[in-house]
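Each chain, letter by letter, is given below.
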Amino acid sequence: MFMRGCWLESGCCIGGVAALDSKASGKMGLRAVVYYMSTTIIAVLIGIIMVVIIHPGKGSKEKMHREGKIVRVTAADAFLDLIRNMFPPNLVEACFKQFKTNYEERTFKAPVALNESSVLAAIINNVTEAMENLTQLKKEVIPVPGAVNGVNALGLVVFSLSFGLVIGNMKEQGRALRDFFDSLNEAIMRLVALIMWYAPLGIMFLIAGKIVEMEDMGVIGGQLAMYTITVIIGLLIHAIVVLPLLYFLITRKNPWVFIGGLLQALITALGTSSSSATLPITFKCLEENNGVDKRITRFVLPVGATINMDGTALYEALAAIFIAQVNNMELNFGQIITISITATAASIGAAGIPQAGLVTMVIVLTSVGLPTDDITLIIAVDWFLDRLRTTTNVLGDSIGAGIVEHLSRFELRNKDAEMGNSVIEENEMKKPYQLISQENENEKPLDTETKM
C-alpha cells in the first residue's frame, strides 16, 4: 500500500498539474495552502482550549507508566532536514528513504593549561602521570547525516509539481508524457480496486495486532484515561463540527453526503495509520463517489497528504500542555503562543507515516523548555490516538479538495472551453487536407483513363 501510494502520489501530481496551465495551478495552489493553514491553526486552538478546560494532567507523574525511547532532535536540524528532503538527490531512493540528521557522541582530547611548577613536579615523580595530566578526555555530541526508512513524500511532491508545470507549458509536445501519466494513474487505480476486496480483513488484523502488543491494557483506562478522552473530544470537534461547517459555509452543500462518500477512505486511514498509504483509496472515493474533478484531486490530495496535518497539529499542542501540567508548570500566554506556532510548523514537517508526530513533538517541547523524556508517558496510547488523528487528516484533505473544486469551478470551465475550441479548430484544419487528398486520389484514375 505504501509503494502504490508513492507511485500514485507522483503520477497523479504530475498528471494533475500538467492538465492545467500555470495560472490556474497557481490560483488552486494558493487556495489549497490558505485552506490548509486555516484548518491547521483552528485545530491547534481547539487542542489548546480543550486541554486547558479539561486539565487532564492533574496529579503526579511518578506513578505514570513510561514506555519507549525518545529520539534526539533539535528545532534547527529538523527545519534543515525539511529543506533537504524537498530536494532529494535520488528520486528512486526517495521512494523508500528520507534524510534525517543523526547524532553521535565523539570523544576527543583537549589540552589542559598547567603551570610550569606542576608540570616539572609531575615529570620528576612520574613521566607517565605527566602525560596523562597534559591531556583530558572530553565528550561532544555532533550532528551527522543519516537516513530513515519511509517515503520522502515532500521531495516527490516538489519534483512532481515542478515536472508537471514543465509538461503543462510544453502544450502539444508534452501530450505523450501527459498520456503516459494518465495511463499510469489508471492502472494503479484498477490495482487498488482489486486490493480493496481484502482491505477490511487486513485492517482488522492491523488493529488486532496492535492491541495484542500492548503489555497492559489498563493503561488506557487508568492513568491516561483523561488525556485520551481529551484528545478524542478535540479531534471529534474538529472533524464533526469545524470541517463540515467550513464545507457548508463555502459550498452551500450538505457536508454529510460528501463525508458519506469517504467512509472507505476513513476506515482505511483508521487501519493503516498513514495518510500516504490511504491516498489511493481517497482518490477513488472522491472521484467515483463524490464526483470531484480529477484535475483537483490529483493536484490537491498529494500536497495535502504531505503538509496538511490537522489532527497531528491538534495532538502536538494538546500533548505539550498536558506534559506541562503533569510537571506542575504554569505556562504563560507567550509560551502558549509559542506552542501553537511551533505545533503548526512541526505538523507540516511530519511525514505521512505511522507515529511521525512523536518525532516532531520533541521540537514543540524544546521550544518552551519542557522535558522531552516525558514523551514516554504518552507513547503507550499513541498507537491508538495516531489512528484517530490520521483519520482526521484524511478527512481534512478530502474536504479541502471539495472546497478548492468549488472555488475553482470557473477556471475549470474556462479550461474545458479552451480544450473544446482547440479540438474543433484542430478538426477544421484537418478537414480541407482530407478533402483535397480524396479529390486528388479520385482525379488520378480519371487522368490515367483519359491518357489511355
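Owing to the predicted nature of the structure, the values given are computational and were not obtained by experimental measurement.

Before going further, it helps to examine the overall build of the protein chain. Helix and strand content of the protein chain: 19 helices and two strands. Within the protein chain, the proportion of its 452 residues that are buried is 46%. Across the protein chain, the fraction of contacts at a sequence separation of at least 24, relative to all contacts at a separation of at least 6, is 85%. When the accessible surface of the protein chain is summed, it comes to about 23,500 Å², and 64% of that surface belongs to carbon and sulfur atoms.

Packing of helix α12 (residues 263-272) against helix α18 (residues 379-407) brings their axes to within 8 Å, and their N-to-C directions diverge by 145 degrees. The handedness of the crossing between α12 and α18 comes out as right-handed. Seen from α12, the contacting residues are A265, L266, A269, L270 and G271; seen from α18, they are R387, L388, T390, T391, V394 and L395. Considering only residue class, the contact of α12 with α18 consists of seven nonpolar, three polar and one charged.

This part takes up the nonpolar core. In terms of nonpolar packing, the biggest core is built from 40 residues, with Y227, F322, I339 and I375 touching the most fellow members. Residue assignment for this core shows that the elements contributing at least two residues are α2 (22-54), α10 (225-251), α15 (310-326), α16 (333-349), α17 (357-367) and α18. In terms of residue count, the dominant contributor to this core is α15 (twelve residues). Judged by nonpolar contacts, the second largest core, of 38 residues, contains Y36, A239, Y247 and I296.

Taken together, the side chains of M226, I229, I233, L236, I237, I240, V241 and W256 make up a nonpolar region of the molecular surface, amounting to roughly 680 Å² of accessible area. Broken down by element, the nonpolar patch gets its largest block of residues, seven residues, from α10. Since its relative accessible area comes to 41%, M226 is described here as partly exposed.

This part takes up the confidence of the model for the protein chain. Here the protein chain averages 76 in pLDDT, and 72% of its residues register 70 or above. Confidence drops under a pLDDT of 50 for residues 422-452, and excluding neighbours within four residues, the segment shows zero contacts in the predicted structure.

This paragraph deals with α2. Residues separated by three or four positions in an α-helix point in the same direction, a consequence of the helix having 3.6 residues per turn. Taking 1.5 Å per residue as the helical rise, α2 with its 33 residues ought to reach 48 Å, and the 48 Å between its terminal C-alpha atoms agrees with that figure. One or two steps after α2, the chain reaches H55, where phi turns positive at roughly 55 degrees.

Relative to the assigned elements, E405 resides in helix α18. One buried charged side chain, E405, makes no salt bridge at all; its nearest oppositely charged neighbour is K253, positioned 5.5 Å away. A polar contact of 2.9 Å, which involves the side chain of E405, links it to the backbone nitrogen of D293. Excluding residues that lie within four positions of it along the chain, E405 makes contacts with G291, V292, D293, I296 and L412.

What follows covers the environment of V364. Relative to the elements of secondary structure, V364 occurs in helix α17. Once the C-alpha coordinates of V364 and S340 are considered, the two residues, 24 residues apart in sequence, prove to be 8.7 Å apart. Not counting residues within four places of it along the chain, the set of residues in contact with V364 comprises E316, A320, I339, T342, A343 and A346.

With that settled, consider the pattern of salt bridges. One pass over the full model with this rule turns up eight salt bridges. In this structure, K27 and E411 form a salt bridge, with 3.8 Å as the shortest nitrogen-oxygen distance. Separated by 384 residues along the polypeptide, K27 in helix α2 and E411 in helix α19 (residues 409-451) bring together distant segments of the chain. Residue classification places E411 among the buried positions, given a relative accessible area of 16%. Between D182 and R298 there is a salt bridge, and its shortest N-O distance comes to 3.0 Å. Pair noted here: D182 is in helix α7 (residues 175-195) and R298 is in helix α14 (residues 294-307), with a separation of 116 residues, a long-range link. Among the residues examined, R298 registers a relative accessible area of 10% and is labelled buried.

Tracing the chain through its elements places N85 in helix α3 (residues 75-86). Judged by relative accessible area, N85 falls into the buried class, the value being 8%. Residues N85 and Q98, spaced 13 residues apart in sequence, show a C-alpha to C-alpha distance of 6.5 Å. Contact partners of N85, with chain neighbours within four places excluded, come to Q98, F99, N152, L154 and G155.

The N-to-C vectors of α2 and α18 enclose an angle of 140 degrees; their axes lie 10 Å apart at closest approach. Comparing their axes, α18 and α2 come out oblique. Like other packed secondary-structure pairs, α2 and α18 cross with a definite hand, here right-handed. Here α2 contributes M28, R31, A32 and Y35 to the contact with α18, which in turn contributes G396, I399, G400, I403, V404 and L407. For the contact of α2 with α18, the per-class residue count stands at seven nonpolar, two polar and one charged.

Moving on to the packing of aromatic side chains. Counting across every chain of the model gives seven aromatic pairs. Consider the rings of F159 and F163, whose centres lie 5.5 Å apart with planes at 15 degrees: the pair is stacked. Taken together, the residues span about one helical turn, with F159 and F163 both in helix α6 (residues 153-169) at a distance of four residues. With 4.5 Å between their ring centres and 35 degrees between their planes, Y227 and F322 make a pair best called tilted.

Positive phi outside glycine occurs at H55, with the angle close to 55 degrees. Residue classification places H55 among the partly exposed residues on the basis of a relative accessible area of 31%. The phi dihedral of R252 is positive, around 60 degrees, even though this residue is not glycine. Summarising the element assignment, R252 is placed in the loop between α10 and α11 (255-260). The exposed category is assigned to R252, whose relative accessible area is 61%.

Thresholds, definitions, all that
Residues numbered from 1 in each chain as written. Predicted model: local features only at pLDDT ≥ 70, side-chain atom pairs only at ≥ 80, totals over all residues. Heavy atoms only, no water. Helix = DSSP H or I, 4+ residues; strand = E, 2+ residues; numbered from the N terminus. Buried < 20%, exposed > 50% of the residue type's maximum accessible area, 1.4 Å probe, protein only. Contact = heavy atoms within 4.5 Å. Areas by Shrake-Rupley, 256 points an atom, 1.4 Å probe, with all protein chains shown as cover. Axes fitted to C-alpha atoms, helices over the stretch in contact; angles between N-to-C directions. Left-handed = near helix turned anticlockwise from the far one by under 90°. Nonpolar A, V, L, I, M, F, W, Y, C, P; charged D, E, K, R; others polar. Core = buried A, V, L, I, M, F, W, Y, C linked by side-chain atoms within 4.5 Å. Patch = residues over 30% accessible without salt bridge, like charges linked within 9 Å, V, L, I, M, F, W, Y side chains within 5 Å. Salt bridge = Lys/Arg side-chain N within 4 Å of Asp/Glu carboxyl O. pLDDT = per-residue confidence, 0-100. Expected span 1.5 Å × (residues − 1). Lys, Arg positive; Asp, Glu negative; His and termini not counted. Polar contact = N/O pair within 3.5 Å; in protein donor to acceptor, adjacent residues only side chain to side chain. Parallel < 35°, antiparallel > 145°, perpendicular 65-115°, else oblique. Phe/Tyr/Trp six-rings, centres within 6.5 Å; stacked < 30°, edge-to-face > 60°.

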